Amino acid sequence: MSEIQWQNPICGGDGGNACLQIGHAPDGTPILRETARPTELITTTPEGLRNLITAAKRGELDHLL
């Protein structure tokens, strides 16, 4: 999947390897990966990614941290 255009890593403040990249495949499928494990990919739909980001902004995922 070398044709994926990755966004620069979004890293936590701990300075560790907890960096997340978001990209999209040529067909527009959103893809996520951690920089520490670049071959492990998570695919979703644009709506799924939007819902995840919205939930995170609202603090609905804070209990997972």
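These numbers were taken from a predicted model, which means no experiment stands behind them.

Re helix H1 (residues 46-58)
For an α-helix, 3.6 residues make a turn, and residues three or four places apart therefore share a direction.
In step 1: For H1, spanning 13 residues, the distance from its first C-alpha to its last is 18 Å, which sits close to the expected 18 Å at 1.5 Å a residue.
In step 2: Gly-59 sits one or two residues past H1 and shows a positive phi near 85°.

A short note on the environment of Cys-11
In step 1: As for its position among the elements, Cys-11 is in strand E2 (residues 10-11).
In step 2: On the basis of relative accessible area, Cys-11 is assigned to the partly exposed category, the value being 45%.
In step 3: Measuring from C-alpha to C-alpha, the distance between Cys-11 and Gln-21 comes to 8.8 Å, with ten residues separating the pair along the chain.
In step 4: The residues touching Cys-11, leaving out its near neighbours within four places in the chain, are Ala-18 and Cys-19.

Details of the pattern of salt bridges
Pairs may arise between side chains of opposite charge once their charged atoms sit close together.
In step 1: In total, this model carries one salt bridge according to the counting rule given.
In step 2: Salt-bridge contacts for Arg-58 lead to Glu-60; the nearest nitrogen and oxygen are separated by 3.3 Å.
In step 3: Residue class for Arg-58 comes out exposed when judged on its relative accessible area of 59%.
In step 4: The class for Glu-60 is partly exposed, based on a relative accessible area of 41%.

Rules behind the numbers
- Residues numbered from 1 in each chain as written.
- Predicted model: local features only at pLDDT ≥ 70, side-chain atom pairs only at ≥ 80, totals over all residues.
- Heavy atoms only, no water.
- Helix = DSSP H or I, 4+ residues; strand = E, 2+ residues; numbered from the N terminus.
- Expected span 1.5 Å × (residues − 1).
- Buried < 20%, exposed > 50% of the residue type's maximum accessible area, 1.4 Å probe, protein only.
- Contact = heavy atoms within 4.5 Å.
- Salt bridge = Lys/Arg side-chain N within 4 Å of Asp/Glu carboxyl O.

Everything listed here is a matter of coordinates, which is why it stays silent on function.
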